[in-house]
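Observations on the three-dimensional arrangement
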Amino acid sequence: MNKPLRNILILLLAAGAILVVLRYVASLKENIASLENQKQNLLQDLEKEKKAVQRFSARNAGLRDYLRAAHRKLKKLFLNSGLAKEQLEKFNLKFSILRAENKALLDERQRLVQENASLKTKLNSVDELKKAIRELKRRAKIEGNRGFLIKNGQPTTSAKVRIEVIPAPKE
């Protein structure tokens, strides 16, 4: 081969290599530009995600505080519920006692009404009234002045009065 042909061939090969290298460099520049664009998009997405994570973290902290407060309220409610149940049992017990007392008082009242009616019938007759007065006079003579403050115009109590106070038992 001749030298000029070889030089032309080398020049052609060098021009082709330069052309390939230039295309490769252009392609690399396009890839770099595309990668830079993707990098910018990814950075923006990352910032958005960071903001979203911060929002969710703040919301999560608020919900955690709300949950703690709800737990405290529930504990108080359960405690109050237990106390209310105990009070209800006490009131039921007191109510049943009061019912029993009320029944006893009603029975006593009925007995007193019957006794009152029998005394009324007894004391409405003059003969029975005279017998009762004689009986009272006879008892007064036997028992003395028991409880009268004035007897025959004279006071029967001493000037000194002694009062004792006994406190009622606590329930």
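Here the structure is a predicted model, which means the values were calculated and not measured. (Residues numbered from 1 in each chain as written. Predicted model: local features only at pLDDT ≥ 70, side-chain atom pairs only at ≥ 80, totals over all residues. Heavy atoms only, no water.)

Some details on the overall build of the protein chain
What counts here: Secondary structure is summarised from DSSP: a helix means a run of H or I of at least four residues, a strand means a run of E of at least two, and numbering begins at the N terminus for each. Only protein chains enter the accessibility calculation, which uses a 1.4 Å probe; a residue whose area is less than 20% of its type maximum is buried, one above 50% is exposed, and one in between is partly exposed. Exposure was quantified through the Shrake-Rupley algorithm and a 1.4 Å probe, taking into account, for residues, occlusion by the shown protein chains and nothing else.
When helices and strands are counted, the protein chain shows 2 helices and 2 strands. Along the protein chain, helices and strands appear, N-terminal first, in the series α-α-β-β. The 171 residues of the protein chain split such that 1% are buried. Put simply, the protein chain shows about 17000 Å² of open surface, and 61% of that area lies on carbon and sulfur atoms.

Here we look at the confidence of the model for the protein chain
Operational definition: Note on scores: pLDDT gives the predictor's confidence for each residue, bounded by 0 and 100.
On average, residues of the protein chain score 84 in pLDDT, and 84% of them are at 70 or above. When the elements of the protein chain are averaged for pLDDT, strand 1 (residues 150-151) gives the smallest value, 61, and helix 1 (residues 3-124) the largest, 91.

Focus on the pattern of salt bridges
What counts, and what does not: Salt bridges are defined as contacts in which a side-chain nitrogen from Lys or Arg sits within 4 Å of a carboxyl oxygen from Asp or Glu.
Inspection of the entire model under this criterion finds 5 salt bridges. Here Arg 111 and Glu 108 are joined by a salt bridge, their closest N and O atoms 2.4 Å apart. Placement of the pair is Arg 111 and Glu 108 together in helix 1, with a separation of 3 residues, close to one helical turn. Judged by relative accessible area, Glu 108 falls into the partly exposed class, the value being 33%. Between Arg 111 and Glu 115 there is a salt bridge, with the nearest N and O atoms lying 2.9 Å from each other. You can see Arg 111 and its partner Glu 115 sitting in helix 1, 4 residues apart, about one turn around the helix.

Quick word on a nonpolar patch on the surface
Put simply, the rule reads: Residues form patches when they are more than 30% accessible in relative terms and have no salt bridge. Like charges link within 9 Å. Nonpolar side chains (Val, Leu, Ile, Met, Phe, Trp, Tyr) link within 5 Å.
Taken together, the side chains of Val 21, Tyr 24, Val 25, Leu 28 and Ile 32 present a nonpolar region at the surface, about 450 Å² in accessible area. When you line up the elements, Ile 32 lands in helix 1.

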